[in-house]
Every structure is written in C-alpha cells, then in structure tokens.
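# Examination of the molecular architecture
Now for the letters of each chain:
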Amino acid sequence: MSKGLPKRSEDYSQWYNELVKKADLAENSPVRGCMVIKPYGFAIWEKMQATLDKMFKDTGHRNAYFPIFIPKSYLSKEADHVEGFAKECAVVTHYRLKQAADGGGVVVDPEARLEEELIVRPTSETVIWSTYKNWIQSYRDLPLKLNQWANVVRWEMRTRLFLRTAEFLWQEGHTAHETEEEARQETLLMLQVYTDFVQDHMALPVIQGVKTESERFAGAVDTYCMETLMQDGKALQAGTSHFLGQNFAKAFDVKFAARDGGLDYVWGTSWGVSTRLMGALIMAHSDDSGLVLPPKLAPIQVVIVPIFKNQEQLEAISVVASGLIRQLNELGISVEYDDRDTYKPGWKFAEYELKGVPVRIAIGPRDLENNTAEVARRDTSEKQIVKQQEIGAKVKHLLADIQDSIYRKALKYRDQHITDVDSYEAFKSVLETKGGFVRAHWDGTANTEQRIKEETKATIRCIPLDQRQEPGTCIYSGEPSQQRVIFAKAY
RNA sequence: CGGGGUGUAGCGCAGCCCGGUUAGCGCACCUGCUUUGGGAGCAGGGGGCCGCAGGUUCGAAUCCUGCCACCCCGACCA
C-alpha cells in the first residue's frame, strides 16, 4: 500500500526499520548506534512520559535529577553491578581539546587528562545511592521515593532504532525503605503501574513475571518484568522493577537509626522503562500501510482532510471543518486540519495512515450538500458517512472503540501464541514454526537454561507470577520441576 | 572482534569489468499551467571534491596501494 514500505510477511525487521523512518519517528545520527528522535516520534514519547509521570506522582514519588557522569570508582562498589555493566560503558578521560600541531582540526589535549576517569551513566544506582547516604540518617527519612527522567548510555554492539540504541531516554525510579517487606511491596507496586500503563495506554497485553538468576539485573536480589509479544513471534521486555535488597545500601554504606534504636541498612528498589517502549508500540499494532497508534498516545487523534476543486469550495469546507474542530476540542480530542493545496487527498490519506492517526474525517462537495462527513478508522480501515452534528459523539466513541479493539486484537494474538510443550523436540519445533511464548518445565539450573539458549536461541523470559504450581519434568534434563516457565526468542 | 557486502545529488540506484565529450536515471525539491472523493499530468529549473589519501597515465568515478566509514550475519543487551 504505502510507497516502499516492505510487507511484514516478507521481511519483518526491514518493515520495522523503514516504518520508523517513513513515519518520521526517528533516524540514525552521525554517531553509530545513536538516534535522532524526530518531532512526531518525540510527541508520542512525551505523551508516554506525561502519563507515566502522573502515575508515579500519584503513587507518592517525586522527581529529581542526578548527573550524567559517575566517578569510575563508584561503579566498582557493588560487585555484580560492575560486572554487569563494565563491558558497555563510555568513559570520559579528558576535559579539553586543542588545535592540532599541523593545523588540521582539533586533537585531545594530553595534558588535560582527568585524575579519575568518569563513566557516562549506564544507569544511576551508584550515584544515587552515594547521595542517599547523606540524605538518610533515621527511619524518619524513609521511605525515600525518587524518580528521574534521563538519558543513559550503554555501548551496545548491535543497535536498532528505539529497540536498542547506544544512548536512550528513560526514567529510573530509586527508592529506599525501612523494611524488606515495604521494599518488596514497592517493587511489585511499580511493576503493576507499568503493567497498567502498557495495557491501558499502549493497548498491549503483558505477562508479569520474575527473572531467573542469569537474566537478573546486575546488583538486584529479584528482577520483576513485563514481557510483551511482537507480531513476528518474538518477545520484548517492556520494563523491569528490581528488588535490590540491601546490596546497594551495603555497597554505599547507607544506614539508618531504626525505631528500636539499632542501626540498620536500608532496603532498596529500582525500576525503569525506556524509549524501547516506542519500539514495542510500533511493532505491536502497525500494519503494512504504516503505524497504528492507540488513541490514548496518538499526538494527532483526528485529521480532517478537505476535498475541493477550487478556492470557494475550500472556504466552504473550512467553515464546516472549524465547526467540527470546535466540537471535537470540547471533548478533549486533538485534531489537525490539513488544508494544504500542495498535496492531493489520496496522498494525504496514505500519509496519515503511515503516521497512524486513529481517525480520519474527509469533507468534500457531496458532504457540503448533505451536511455529512466521511469518517474512517485507521485500525480496520472501515469508513462511514456521519451527520456533521453527530461527529463529536461518534468520534469520541470511535476512539474508545479503537483503543479497546487493538488491545483485544493484540491479546488474541498473544494468547494464540502461548504454547505448552512437554518435550524438547516439541519445544524446538514450536520455536521454529510458530514462535511466541513457550511454556515448559525447567529444572531451575542456570546450566540447563544456558544450554537451551545456546541450542535454540530461546531464553527464559520469566517465571510468571500468576500461575499455579504444576509438577512436571524438565524438558531438557528430565529432572523434576514445580512449575512451567516462559521461554521465547527475544529482542 | 571473525565472515560477507557497500561507499556516485537529500534518498534509492546505474555507469566501473573494457580509462576518453559536459557523470546519468527514479523519487524528492523549485517555477508555471492544468488537476484534486485513495500516493496527479505536462513543461521548465536547481542541486555532485564519484568516501579519503597516494600512485599509474596525455587523460581516472573507472586501474593499483593504503586508509576511513557504514550495512548485514555471529558472541553482549532496557
């Protein structure tokens, strides 16, 4: 349909790359692995941010900002943490450039070497916990529940727009608590906040679970996650919430005077979602004509396209359009009126489909005569003729229906792609032919997990939270198992 | 870092093997006219250090040497 957009069935990954560029979401930057987020893409991210930010504040968190640079020594204070991130850190070694001796540009001034090198943050636990040490003296200072919106850098080998970039935008929440119980509750609360956001706003069903030891965040005691499924049958981790135990408190010596007069280490959590959610949003709902955006996150919810042969017609249509715009704005619906005469209606239709605008209204000479408008929905491409005075109510209903309908479509797809298997043969076969989530028994050892990963490229996405115990035997080793875990090939 | 590939206009490419007028095509862009209910047509126009540096030659996008960059496939990951 769209000019040059590859079909999902032919080359899913090419389809995704082209879609991101053609829909004006983002493009590659001069620096390898980094991206420029374009205004239309950033508008979607801003809506995500605004919604999440409110949810964080409603659950008692406040925003703060910590620096992008971290002294190198900080990173090594928590052993697992440094091991997890050391291989992908950008390092600042100098603070000055100078003219090259041959006059050809600038070079690093060797005399401007830093005493202690600085790490560009891959995540902020270390700076934040070193700061918390100064802020927390007593149980009265707890809980401390902060969030920051920031950029982080992880020097990845292979990058893809939104899904994995060297620099990405995210939010990271960091909380400190008096008791283990309270910290664990916080971890689960934020997992639920994320889940509500992804399901209600992104229209994407998730599976909540806990990570195995080998997939756990570096420095965490437990990592909880939400796993989503993309249209090509691969899983995408949409967000994580970590129970840190007292690991960082001990590493950064964060102690507080307890109610009973004793001195105790605080209990911590951290949780984050990133611009990767943009990738999930794009891949989950879109089709061969372009983006399909859930109305709650669409920067433009309705576009009005006039169809006219001459200036007088356009003026007459514009009068009707401004009436409709007022009607829709009063209902809190964002509308764009595209009266450019440099593009034909057909071109505009294709363009707004590519950009995923949920509802399109076309008004032409016929509609002027009949006091109607043509209303088309992006997700199913159904069109109908609606009386102008009923547009507001109709569109409001339609937006709600689209939001609901794309969620149900994604849910149906997801549910059809959860397969239970009881043998390694069936496991491999499902992965190769059908893809999706595969529920299987696992003996609980990292060794088996590793072997399966090497042999099939599938990883344990999570041990689902809402699942009953069910005795069985591991598909790989034949050892006893208490419950199924979820495997998938993942992004 | 191993294997494969590509660098020519904003984007996508041809030309290179076999050196030789002014480097060409499609899209996009600009101007004008006709168009406008599913990506319009015609006419005119602008835009190039042919990745970089050497070399061979009367002459290099084309041949040789070196370098650089990017993409794809593997090992790492929100």
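That block above? That's the structure.
My aim in this report is to walk through the structure given alongside it, one point at a time. (Residues numbered from 1 in each chain as written. Chains lettered and ligands numbered in written order. Predicted model: local features only at pLDDT ≥ 70, side-chain atom pairs only at ≥ 80, totals over all residues. Heavy atoms only, no water.)

This next bit is on the overall build of chain A. On a plain count of helices and strands, chain A comes out with 14 helices and 27 strands. When each of the 491 residues of chain A is scored for burial, the buried share is 53%. A fraction of 69% describes how many contacts in chain A between residues 6 or more apart in sequence connect residues 24 or more apart. In chain A, 62 positive and 69 negative side-chain charges are present, and the distance between their average locations comes to 3 Å. (Helix = DSSP H or I, 4+ residues; strand = E, 2+ residues; numbered from the N terminus. Buried < 20%, exposed > 50% of the residue type's maximum accessible area, 1.4 Å probe, protein only. Contact = heavy atoms within 4.5 Å. Lys, Arg positive; Asp, Glu negative; His and termini not counted. Charge placed at Lys NZ, Arg CZ, Asp CG, Glu CD.)

Below, the discussion takes up the protein's contact with RNA strand B. Looking at RNA strand B, there are 36 residues lining it, with Arg158, Arg164, Gln237, Glu353 and Arg366 nearest. At 3.1 Å from a base nitrogen of RNA strand B is found a side-chain nitrogen or oxygen belonging to serine 274. Of the residues that constitute the surface near RNA strand B, the class distribution is 13 nonpolar, six polar and 17 charged. (Near = heavy atom within 4 Å. Polar contact = N/O pair within 3.5 Å; in protein donor to acceptor, adjacent residues only side chain to side chain. Nonpolar A, V, L, I, M, F, W, Y, C, P; charged D, E, K, R; others polar.)

This part is about the pairing of strand β12 (residues 222-229). Of all the eight residues making up β12, eight are buried; the element is thus mostly covered by neighbouring parts of the structure. On β12, burial covers both faces: Asp222, Tyr224, Met226 and Thr228 on one face and Thr223, Cys225, Glu227 and Leu229 on the other are all buried. Linkage of β12 to strand β13 (residues 235-245), two consecutive antiparallel strands, is achieved through a turn of five residues, within which glycine 233 is found at a positive phi near 85°. (Pairing = 2+ DSSP bridges.)

A few words now on the packing of aromatic side chains. A ring pair, where both rings are aromatic, is described by two values, the distance of the centres and the angle of the planes. For the structure shown, the criterion picks out 17 aromatic pairs. Plain terms: the ring middles of phenylalanine 243 and tryptophan 267 are 6.1 Å apart, the flat faces sit at 10° to each other, and that makes the pair stacked. Taken together, the residues phenylalanine 243 in strand β13 and tryptophan 267 in strand β16 (residues 267-274) connect sequence positions 24 residues apart. Across the pair, tryptophan 267 and phenylalanine 243 agree in class, each one buried. Ring centres of tyrosine 424 and phenylalanine 427 lie 5.9 Å apart, and the angle between their planes is 20°; this geometry places the pair in the stacked category. Separated by three residues within a single helix, tyrosine 424 and phenylalanine 427 lie in helix α13 (residues 424-433), roughly one turn from each other. Here the two residues tyrosine 424 and phenylalanine 427 agree in accessibility, since each one is buried. Members of the aromatic cluster, each reached through a chain of ring pairs, are Trp45, Phe56, Trp149, Tyr194 and Trp271. Here the guanidinium or amino end of lysine 77 rests over the ring plane of tyrosine 74, the centre of that ring lying 5.0 Å away. (Phe/Tyr/Trp six-rings, centres within 6.5 Å; stacked < 30°, edge-to-face > 60°. Lys NZ or Arg CZ within 6 Å of the ring centre and 35° of its normal.)

What follows covers the sheet that holds strand β4 (residues 69-71). In space, the three strands of this open sheet follow the order β4-β8-β5, with antiparallel pairing throughout. In this open sheet, the two edge strands, each paired with only one partner strand, are β4 and β5 (91-94). When strand polarity is set aside, the average angle formed by the axes of neighbouring strands in this sheet is 40°. (Axes fitted to C-alpha atoms, helices over the stretch in contact; angles between N-to-C directions.)

Time to look at the packing of helix α2 (residues 39-58) against helix α8 (residues 276-285). The N-to-C vectors of α2 and α8 enclose an angle of 110°; their axes lie 10 Å apart at closest approach. For the element pair α2 / α8, the angle class is roughly perpendicular. Within the contact between the two elements, α2 uses Gly41, Ile44, Trp45 and Met48 and α8 uses Leu277, Met278 and Leu281. Across the contact of α2 with α8, the residue classes break down as six nonpolar, one polar and no charged. (Parallel < 35°, antiparallel > 145°, perpendicular 65-115°, else oblique.)

Time to look at α13. By the burial criterion, the buried members of α13 are Tyr424, Phe427, Val430 and Leu431. Buried residues in α13, looked at end-on, bunch into an arc of 125°, giving them a common side. Turned more than 90 degrees from where α13 packs its buried face, Glu425, Glu432 and Thr433 sit exposed. The inward-facing, buried residues of α13 abut β22 (418-420), β23 (437-441), α14 (446-456) and β27 (484-488). Backbone geometry just after α13 places glycine 435 at a positive phi near 75°. (Arc of directions from axis to C-beta.)

Here the focus is helix α9 (residues 311-330). Look at α9: 28 Å from first C-alpha to last across 20 residues, which is about the 28 Å you get at 1.5 Å a residue. Every buried residue belonging to α9 is among Leu314, Ile317, Val320, Ala321, Leu324, Ile325 and Leu328, and all of these are buried. All buried residues of α9 project into a common sector of 155° when viewed along the axis, lining one side. For α9, the exposed residues lying more than 90 degrees away from the buried face are Glu312, Val319, Arg326 and Glu330. Buried residues along α9 sit against β17 (302-306), β18 (335-337), β19 (359-363), α11 (365-370) and α12 (391-416). Between the side-chain oxygen of the N-cap and the backbone nitrogen of glutamate 312 there are 3.3 Å, and the N-cap of α9 in question is asparagine 310. (Expected span 1.5 Å × (residues − 1).)

Below, the discussion takes up the sheet that holds β19. One open sheet accounts for five strands, arranged β18-β17-β19-β20-β21; its pairing is mixed. The sheet is open, and its two borders are formed by β18 and β21 (383-387), each paired with just one other strand. Along the sheet, successive strands turn relative to each other by an average axial angle of 25°, direction set aside. Note that β17 and β18 share three bridges and pair parallel. In the strand pairing of β18, valine 303 is matched with glutamate 336. Contacts between α9 and the sheet are confined to β17, β18 and β19, with β18 contributing the most and set at about 170° to the helix. Here helix α10 (residues 345-354) sits on the sheet in contact with β17, β18 and β19, set at roughly 170° to β17.

Purely spatial values, then, with no claim about function.
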